[in-house]
Structures are given as structure tokens and as C-alpha cells.
Amino acid sequence: MENKMNFFLRLISSLAILVVSLFFLPAQTVFAASINVNTLSDVDAVDTYCSLREAIKAAQNNAAYKECSAGSGDDTITFSVSGTINLTSTLTILNAGGKVTIDGGNAIIIDGTAVDKIFELNLGNLDLRNITLTNGKYGVYTLYGTLALDHVTLTHMNRADAMAVLSQSAAITVQNSTLSDNLYGLYASMVTSSDTPPLITVQNSTFSGNSYGILLAAAPGLVQAGPHSFRDAAAFVAHRERQLVLHEVEADADRGLRTSGAGSNLNITDRTFDHNSVTNPDYIAFGGAVYTEDTNLTISDSTFINNSSNTPSFWESDGGAIFVRGSGVDVNLTNLTVATNSAKVGAGLYINGSNVNLKNSTFYGNILLPGYSTVAQLVKPNSAGSL
């Protein structure tokens, strides 16, 4: 009897230890999955292949879908085929299933000729790598959420109001990428003026041949987009407390960079602006490479060569390389080389109404164009500070 009692006591004790052990086990970790696409067809059907559209659904649902393996948490979609996917409808990324990474392996082109939006990101998290998007109205449309582009080419989005990237209140990172021959390269705005401006980061990327390279705006309707609004430059910032930081970004043959809006900031470091130009046949032209208005500007360790601002003979053109205008804004220019630029006024640099600190910089060979003859190197009317 005593032996039976001892047996039951030991059994109860063992069960109690097991229950306690199970209670304190760590939560199960959800591991990321890799989903392989093995067809270029844009289909959602039961067949023998996993399409990109089906792979996205598997990733979003954290479950197998049609012939695609199950997603699990943050998933990566890769390809065992190469070539062009001709979309029949938009690829949608929702706020479900974790981050979706699509890696084209430098072998995939997605053609959006038949659709308005190639990708639509709604509160989700999308990471595009080593892939080309072309011929849509919008390459990627984002509403809130997070978008990262790494070694991505977005090109030939040039229908009416077309944009390679259209972002509304979404965080954007563009690195090692090319946005070329689009109407707009990157257009970022906020859904409402009360939204917290998200971070927009552009690194080591090329904006080339776009009508407007980068536009950061306020809530829709607060920025006028008439024919003269963006004529002067390729990048335009117009919202209080918005900040665009450019690092290792080529302006190529676009029309430089433009910022405008009280409280805006533009920081440029270690960049070369070569052969940018503004030619306005209808009116005055400002800033061949950089135009700022009511913007705090910092440029360091950079070179401006062969840029120009020009108009017909009866109009004025200011700032062949850099044009700065704004009452009381801070302008810090350090370690610059400004050479062989041209304009009618301020062939190298034009600054008006700003607090200026210019040091350790070299100006040479800047050329005045006919008309409005004045100082060839720089002009600093109504400004304070040291040059």
C-alpha cells in the first residue's frame, strides 16, 4: 500500500513539474519563408506553377496558396525564371503577414502597360530589390506603410500625371536605384496636413531624364503644379518641417534640385552637379543646379561645374550653379568648387535675403551670358553674413 502511495505521489509531482515547465516555455518563433516564383505568367489559377501574384498572396496569408509554398512572418519572394512579367492587374500589398521582400535577381522586368499601378502598398511593408518596373502610370503607389527600393530601376512611367513612386504619408528609402525617363520620379505627400511627415531617404541613386525628379509636398491641394511651378529644377520641397537628405545622388541631365517652403531644409554632401540646366523660353530662370526659396540650405564638399541658367535676351537668368532666395534663412556653404557655370546674373552663385556663411570654396571660370551684366562669380544682394 505504501509503495502504491509513493508511486502516486511521484506521478503527481512529475506531472506538476511538466505543467510548470510547459507554462514557462518561450513563445514559438515565426521564421521567415522563401517563396519561389517559377513562371512569368500573371495568373491566379490552379496549375503547375507559382506566379508572382500567387506568391504575394501566400506571403500575405502566411499559408500555402495554389502552387506556392506557405509564407511565414517576413517573407522573401525569389525567381527561378528570367524575363518580363506583363501584368493584367495591380499587385497589392496589405498590412498583413509581415514584410514582403521581392528580389528579382536582376533578371525580372515587370511591365505595367495594361494597369495604372504596378504595386499598391496599403499600410504594408514592401522591400523591392534587383528588379525593373516599367510602363505603368504608377510604379509603386504607397498609402502609409513602408517602402524600400534597393537596386531597383523604375522607368518610362510617363502617362498623364504618371509617377515612378507616389507616396502618401509613407516612409520611403531609395538606395542604389535608378528612376529615369518618368514624368515624376518620386512624389511624396501627406494624406492630411496633421500627419507626421515620414522620413524620405535617398542614397546613391540616379534621377535621370525625368520631367520632375523629386517632389516633396504637403497635403494634396496645398501645392500648385502649374507649368511654372517646377520648371526651374527637378526636385521641389514645399512643406513646413519637411526634410530631404540627399547622399550620393546623381542629378545627371535633369534640372538640378529645388526646394521651397518655410521651414524646409536641404542638405547636400559630397556631390557633383555637372551639366544641369534651366532654360525657360517664357519667363525668368533660376538655379541651374540648385534652387532654394525660404529654405535652410547646407552644402559641403561638393562640386558644381558646367551648369547654366538661361532665358531669351529680354528676360533675366540668375544663379548658373546655385540660386538662393529667402528672408532670414540660413545658408552654409563649405568646401565648394564652383566652376565654368553660366547665367546672366551670378554666373556661379546668386544669394538674396539670406544669412550666409561661405568658406573654403573656389570659384573660377564662371561666365556671364549676354544681358543683365553684373558680377560673374556671385551676387549677394540684401543678405547678411560672410563670404
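Rules behind the numbers
Residues numbered from 1 in each chain as written. Predicted model: local features only at pLDDT ≥ 70, side-chain atom pairs only at ≥ 80, totals over all residues. Heavy atoms only, no water. Helix = DSSP H or I, 4+ residues; strand = E, 2+ residues; numbered from the N terminus. Buried < 20%, exposed > 50% of the residue type's maximum accessible area, 1.4 Å probe, protein only. Polar contact = N/O pair within 3.5 Å; in protein donor to acceptor, adjacent residues only side chain to side chain. Salt bridge = Lys/Arg side-chain N within 4 Å of Asp/Glu carboxyl O. Contact = heavy atoms within 4.5 Å. Disulfide = S-S within 2.5 Å. Phe/Tyr/Trp six-rings, centres within 6.5 Å; stacked < 30°, edge-to-face > 60°. Lys NZ or Arg CZ within 6 Å of the ring centre and 35° of its normal. pLDDT = per-residue confidence, 0-100.

Draft legend 1. A look at the side chain of Ser354. Within the secondary structure, Ser354 is located in the loop between β30 (349–352) and β31 (355–359). For Ser354, a relative accessible area of 1% corresponds to the buried category. Within the structure, Ser354 has its side chain in polar contact with the backbone oxygen of Gly326 (distance 3.2 Å). Within the structure, Ser354 has its side chain in polar contact with the backbone oxygen of Asn352 (distance 3.5 Å).

Draft legend 2. Up close: the environment of Asn276. In this fold, Asn276 is placed in the loop between β21 (272–274) and β22 (277–279). Assessed through its relative accessible area of 0%, Asn276 is described here as buried. As a C-alpha pair, Asn276 and Gly287 span 11 residues in sequence and 9.3 Å in three-dimensional space.

Draft legend 3. Representation of the pattern of salt bridges. This model, assessed by the stated rule, comprises 7 salt bridges. Lys57 is the salt-bridge partner of Asp44, the closest N and O atoms lying 2.5 Å from each other. With a gap of 13 residues between them, Asp44 in the loop between β1 (34–37) and α2 (52–61) and Lys57 in helix α2 connect regions that are remote in the sequence. Judged by its relative accessible area of 28%, Asp44 is partly exposed. Here Asp127 and Arg129 are joined by a salt bridge, their closest N and O atoms 3.0 Å apart.

Draft legend 4. Expanded view of the environment of Ser51. Structurally, Ser51 is set in the loop between β1 and α2. Accessibility expressed as a relative area gives 0% for Ser51, which makes it buried. Taking the C-alpha atoms as reference points, Ser51 and Glu67, separated by 16 residues in sequence, lie 8.4 Å from one another. Excluding anything up to four places from it in sequence, Ser51 contacts Val37, Thr39, Ser41, Val43 and Cys68. Polar contacts involving the side chain of Ser51 include one to the main-chain carbonyl oxygen of Val43, which spans 2.6 Å.

Draft legend 5. How the structure looks around the environment of Ile131. Residue placement: Ile131 occurs in strand β8 (residues 125–134). Here Ile131 is in contact with Ile102, Gly104, Ile108, Ile110, His151, Val152 and Thr153, once residues within four sequence places are set aside.

Draft legend 6. Molecular detail of the state of the cysteines. Summed over all chains, the structure comprises 1 disulfide. Between the sulfur atoms of Cys50 and its disulfide mate Cys68 the distance is 1.9 Å. Residues Cys50 and Cys68 share a disulfide whose torsion about the S-S bond is about 105°; that sign makes it right-handed. Of this pair, Cys50 sits in the loop between β1 and α2 while Cys68 sits in the loop between α2 and β2 (75–79); the two residues are 18 residues apart in sequence, bridging distant segments of the chain. On the basis of relative accessibility, which here comes to 2%, the residue Cys50 falls in the buried class. Residue classification places Cys68 among the buried positions, given a relative accessible area of 3%.

Draft legend 7. Molecular detail of α2. For α2, a buried count of 8 out of 10 residues is recorded, marking the element as mostly surrounded by other parts of the structure. Those residues of α2 not exposed but buried are Leu52, Arg53, Glu54, Ala55, Ile56, Ala58, Ala59 and Gln60. Within two residues after α2, Asn62 carries a phi angle of roughly 50°, on the positive side.

Draft legend 8. The packing of aromatic side chains, seen in detail. Here the structure, examined in full by the defined rule, presents 6 aromatic pairs. Taking the centre distance of 5.0 Å and the plane angle of 10° together, the rings of Phe323 and Tyr350 count as stacked. Here Tyr350 lies in strand β30 and Phe323 lies in strand β27 (residues 322–325), a separation of 27 residues in the sequence. As far as the burial class goes, Phe323 and Tyr350 line up, both buried. Joined through ring pairs, the aromatic side chains of Phe286, Tyr291, Phe323 and Tyr350 make up one cluster. Seen from the ring of Tyr141, Lys117 lies directly overhead, with NZ or CZ sitting 4.6 Å from the centre.

Draft legend 9. Here's a closer look at the confidence of the model for the chain. In this model, the chain carries an average pLDDT of 78, and 73% of its residues clear a pLDDT of 70 or more. Here residues 18–25 scores under 50 on pLDDT; set against residues more than four positions off or in separate chains, the count is 0 contacts.

Draft legend 10. Focus on unusual backbone geometry. With a phi close to 60°, His156 is a non-glycine residue in the positive phi region. Summarising the element assignment, His156 is placed in the loop between β10 (146–155) and β11 (163–168). Given a relative accessible area of 35%, His156 falls into the partly exposed group. Residue Asp301 is not a glycine yet carries a positive backbone phi of 50°.

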